[in-house]
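Below, each chain spelled out in residue letters.
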Amino acid sequence: MNAVTAIRAAATKQLELTILMPCLNEAETLAVCIGKAKAFLDKAGISGEVLISDNGSTDGSQAIAAEGGARVVPVAQKGYGAALLGGIAAAKGRFIIMGDADDSYDFGALEAFVARLRDGADLVMGNRFQGGIEAGAMPPLHRYLGNPVLSFVGRLFFRIKTGDFHCGLRGFNADSIRKLDLQTTGMEFASEMVVRGALAGLRIEEVPTTLKPDGRSRPPHLRTWRDGWRHLKFLLVYNPRWMFFIPGTVLGGLGILFAALLVFGPLRVIDNLSLDLNTFVAACFMVVTGVQLITFGAISRYYAEITGILPPSRRSDWLTRTISTDRLAANAGICFAGGVLFFGYAVARWAHLGFGPLNDSEIPRIVVLGLSLIVISFQVFFSAFLLGVLEIPVKRLKSGRAGQTNELPANELPANELPASESPANQLPGRDT
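A brief look at the structure comes next. (Residues numbered from 1 in each chain as written. Predicted model: local features only at pLDDT ≥ 70, side-chain atom pairs only at ≥ 80, totals over all residues. Heavy atoms only, no water.)

What about the overall build of the protein chain?
Summing up its helical and strand segments, the protein chain has 14 helices and nine strands in all. Within the protein chain, the fraction of its 433 residues that count as buried is 43%. The contacts of the protein chain with a sequence gap of at least 6 include a subset with a gap of at least 24, amounting to 76%. (Helix = DSSP H or I, 4+ residues; strand = E, 2+ residues; numbered from the N terminus. Buried < 20%, exposed > 50% of the residue type's maximum accessible area, 1.4 Å probe, protein only. Contact = heavy atoms within 4.5 Å.)

Side note on the packing of aromatic side chains
The full count for this structure, using the stated rule, is nine aromatic pairs. Ring centres of F157 and F158 lie 6.3 Å apart, and the angle between their planes is 65°; on these two criteria the pair is classed as edge-to-face. Per residue, the accessibility class of F157 equals that of F158, and both read buried. Ring centres of W350 and F355 lie 5.1 Å apart, and the angle between their planes is 80°; this geometry places the pair in the edge-to-face category. Each member of the aromatic cluster is reached from another via a ring pair, and the members are F336, F378, F381, F382 and F385. Across from the ring centre of F280, 5.8 Å away, lies the NZ or CZ of R365, which sits over that ring. (Phe/Tyr/Trp six-rings, centres within 6.5 Å; stacked < 30°, edge-to-face > 60°. Lys NZ or Arg CZ within 6 Å of the ring centre and 35° of its normal.)

Structural notes on the nonpolar core
Within the largest apolar cluster, 36 residues are counted, with the highest numbers of intra-cluster contacts made by I88, F172, I177, F189, M193 and L235. For this core, the elements supplying multiple residues, two or more each, are α3 (80–90), β4 (93–98), β5 (123–127), α6 (140–158), α7 (174–178), α8 (189–199) and α9 (224–237). Tallying contributions element by element places α3 first for this core, with five residues. What F172 contacts, discounting residues up to four positions off in sequence, is I88, R94, F95, I96, M98, L117, D122, L123, I177 and M193. (Core = buried A, V, L, I, M, F, W, Y, C linked by side-chain atoms within 4.5 Å.)

Observations regarding the packing of α6 against α9
At a minimum axis separation of 10 Å, α6 and α9 run at an interaxial angle of 10°. Between α6 and α9, the angle falls in the class roughly parallel. Of the residues in α9, those in contact with L141, H142, L150, V153, G154, F157 and F158 of α6 are T224, W225, G228, H231, L232, L235 and L236. Class assignment of the residues belonging to the contact of α6 with α9 gives a composition of nine nonpolar, five polar and no charged. (Axes fitted to C-alpha atoms, helices over the stretch in contact; angles between N-to-C directions. Parallel < 35°, antiparallel > 145°, perpendicular 65-115°, else oblique. Nonpolar A, V, L, I, M, F, W, Y, C, P; charged D, E, K, R; others polar.)

Side note on the sheet that holds β5
The seven strands are arranged β3-β2-β1-β4-β6-β5-β7 in an open sheet whose pairing can be described as mixed. What marks the edges here is a single partner per strand, and that holds for β3 (71–74) and β7 (204–208). If you compare each strand with its neighbour and ignore which way they point, the axes differ by 25° on average. Pairing of β5 with strand β6 (residues 170–173) involves three bridges; the strand directions are antiparallel. Each bridged residue has a counterpart across the sheet, and for M125 the counterpart in β6 is R170. Here helix α1 (residues 30–44) sits on the sheet and contacts β1 (15–23) and β2 (48–54); the angle it forms with β1, its principal contact strand, is near 170°. (Pairing = 2+ DSSP bridges.)

Some thoughts on helix α10 (residues 240–262)
The terminal C-alpha atoms of α10 lie 32 Å apart, and with 23 residues this matches the ideal 33 Å at 1.5 Å per residue to within 8%. All of the buried residues along α10 are P240, F244, G248, G252, G255, A259 and L262. (Expected span 1.5 Å × (residues − 1).)

Focus on a positive patch on the surface
Side chains of R159, R241, R314 and R315 sit close together on the surface and give a patch of like positive charge. Assessed through its relative accessible area of 59%, R315 is described here as exposed. (Patch = residues over 30% accessible without salt bridge, like charges linked within 9 Å, V, L, I, M, F, W, Y side chains within 5 Å. Areas by Shrake-Rupley, 256 points an atom, 1.4 Å probe, with all protein chains shown as cover. Salt bridge = Lys/Arg side-chain N within 4 Å of Asp/Glu carboxyl O. Lys, Arg positive; Asp, Glu negative; His and termini not counted. Charge placed at Lys NZ, Arg CZ, Asp CG, Glu CD.)

A closer look at a nonpolar patch on the surface
Together, V250, L254, L257, F258, L261, L267, V269, I270 and L273 make up an exposed nonpolar region whose accessible area comes to about 730 Å². If you list the elements that add at least two residues to the nonpolar patch, you get α10 and β8 (267–270). Of all the elements, α10 adds the most residues to the nonpolar patch, at five residues. Within the secondary structure layout, I270 lies in strand β8.

Considering the environment of S274
With respect to the secondary-structure elements, S274 resides in strand β9 (residues 273–275). Not counting chain neighbours up to four residues away, the residues in contact with S274 comprise L267, R268 and V269.

Quick word on the pairing of β6
Residues R170 and F172 of β6 are buried on one face, and the alternating residues G171 and N173, pointing to the opposite face, are buried as well. Judged from the four bridges that link them, β4 and β6 form a sheet pairing that is antiparallel. Across the sheet, I96 pairs through a bridge with F172, a residue of β6.

Concerning the pairing of β5
For β5, the buried fraction is high: five of the five residues fall into the buried class. Burial along β5 is two-sided: the face carrying L123, M125 and N127 and the face carrying V124 and G126 are both buried.

Distances and angles like these do not, on their own, reveal function.
As structure tokens, then:
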């Protein structure tokens, strides 16, 4: 099974609940987890199944799962996210509750998840910090730094009221998550599900859950720094505002402030501290960098909207209507002309002095200001054409769709009247968000 292909609902009769466990060499704990999951289904009287998404185990986990009464689906592509994508595609349940097969989560206590799902929640996250973390269950670095920081970043970036962004025990409506067309195959899959769900407007809730030390004798698959970076990278990539706009605005704003204060001469702060030409140069560099970051942010947000990666918003709609290759190039031309004028004025002043030594910093200030405007103009100009390049595949795709629609026989529906799951528009990554 190719885990990154579009997830399709199972064609067989749908059960109410699938308890899904990704598995890679979990022979020590798998039977215990399956037993707890099946006991929960029996106790709760739920029509369900236990599904093991095996990611290439070599320790006999597949046989253990089959003997325990679980269904096994093999997933060839390696990775935590790949295993879960394969399992979600194969699940027969209307709802899915996923959890690690290392016996760290209690599969015998899933009542709160089922209740929230039946009540209409699309995604129900477990919160280990509310439910309780036993001693030794989570490394101190993860418990006191990694998870709290990444969860805070997720809440800040995406306004998601989730206290434990990376809890591996979570339940969701299978159809709602399938429509998100999740793509990541590593540990960052945990972040992608929450972020894409929030961007799509899914109803996300949270219930306390417990975590105990896993029952394995080998080290976990999780790699602290590598997987932590992958989570953070995903959060940044999906939020151009915090990745580009806010740092660029702060940097550019501070640069403009200091440049304005120093453009006409030095500024004495206290008796033995004054700001002069060197600070002015640094301020101009800050402005150049800030403009570049803001330009990157505008292009990335524009591209994310026209491709359907991120949903539209009031600000992004304005950006989509405003930004274009022509306008950016025109603004770059104005900036270039201003820079040349400043630079030319400085050269003329220097020539008036016979190209001799400069005894004050006025002319160097004008030179730096002019060169900064010229550099900014080049940045914006080439960014304008980068935007044009990014638009090419989107325009070609739209043109191809229009041609296909015009060629449809009279008895066929156009694409915009097809069911949502069959519409070509939904084949773009993240279209549903």
